[in-house]
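# Observations on the model geometry
Here's the letter readout for the chains.
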Amino acid sequence: MSDPQLYVPRFNVMDPDDVRPFVAAVGTAQLVTVGEDGKPDATFLPVLWEGDRLVAHLARANAHWRRIVDGSPALAIVTGPDAYVSPSWYATKAEHGRVVPTWNYSVVHLRGAVTVHDDPDWVRMLVTRLTDRHEQPRAEPWAVTDAPADYVDKNLRPIVGVELVVRSVEAKAKLSQNRSDEDRAGVATGLAADGRDPDGLVAP
């Protein structure tokens, strides 16, 4: 689904098949909601995108969750690596000099209705899934059940769950796609010289 609120030039549209893997690889989002008083709140959260649901948890001490109106609109912003691009890296600088600085980045916007889950069983299942997601690649993955049950219960009490039903998705990858092969190669070389990995910052 598309959402016209995110400016995405045609050459910066992320391949639809890459959107979910991108969100899964980043694994975090800024959750933005607006309280009844019209003031916005934002919290950085580990997230899972499962089907049409983006799920996460907030600290109970964080007032953000108390200001969420169940069913109200929310925005989750997932950002990948980003970097300044110097015009001096472009091959075309030497040809005509008509080049300017820019910034390369990737971002996904997920919008939909948000609901708070102040339910220990819901939160336990979420924490278990989040843990399994990030521990799975390890040689000896840690599991929630590795900790004493009463200790887990104690650590679940200070958090609450949140769920966003995804109704629109927009994804943008601004990776110098509008530049020539030579210019993109120059950007990759420049980023590497600055100690940055060009992978994910420059289109192949």
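Residues numbered from 1 in each chain as written. Predicted model: local features only at pLDDT ≥ 70, side-chain atom pairs only at ≥ 80, totals over all residues. Heavy atoms only, no water.

- Per an unreviewed UniProt entry, the protein goes by the name FMN-binding negative transcriptional regulator and belongs to Nocardioides eburneiflavus.

### Observations regarding the packing of aromatic side chains
- Tallying each qualifying case throughout the model produces one aromatic pair.
- Where tyrosine 84 meets tryptophan 103, the ring centres are 5.9 Å apart and the plane angle is 65 degrees; that geometry is what we call edge-to-face. Linking tyrosine 84 in strand 5 (residues 72–85) with tryptophan 103 in strand 6 (residues 102–117), this pair joins segments that are 19 residues apart in sequence.
- Note that arginine 20 overlies the ring of tryptophan 49, its terminal NZ or CZ placed 4.0 Å from the centroid.
- The residue whose ring lies beneath arginine 179 is tyrosine 90, and the NZ or CZ to ring-centre distance is 4.1 Å. (Phe/Tyr/Trp six-rings, centres within 6.5 Å; stacked < 30°, edge-to-face > 60°. Helix = DSSP H or I, 4+ residues; strand = E, 2+ residues; numbered from the N terminus. Lys NZ or Arg CZ within 6 Å of the ring centre and 35° of its normal.)

### Remarks on the environment of leucine 191
- Looking at where leucine 191 falls in the secondary structure, it is placed in helix 6 (residues 181–193).
- Residue classification places leucine 191 among the buried residues on the basis of a relative accessible area of 2%.
- Each C-alpha atom, one on leucine 191 and one on serine 86, is 9.1 Å from the other, the two residues being 105 residues apart in sequence.
- Setting aside residues no more than four positions away along its own chain, leucine 191 makes contact with Ala83, Tyr84, Trp89, Arg196, Pro198, Leu201 and Val202. (Buried < 20%, exposed > 50% of the residue type's maximum accessible area, 1.4 Å probe, protein only. Contact = heavy atoms within 4.5 Å.)

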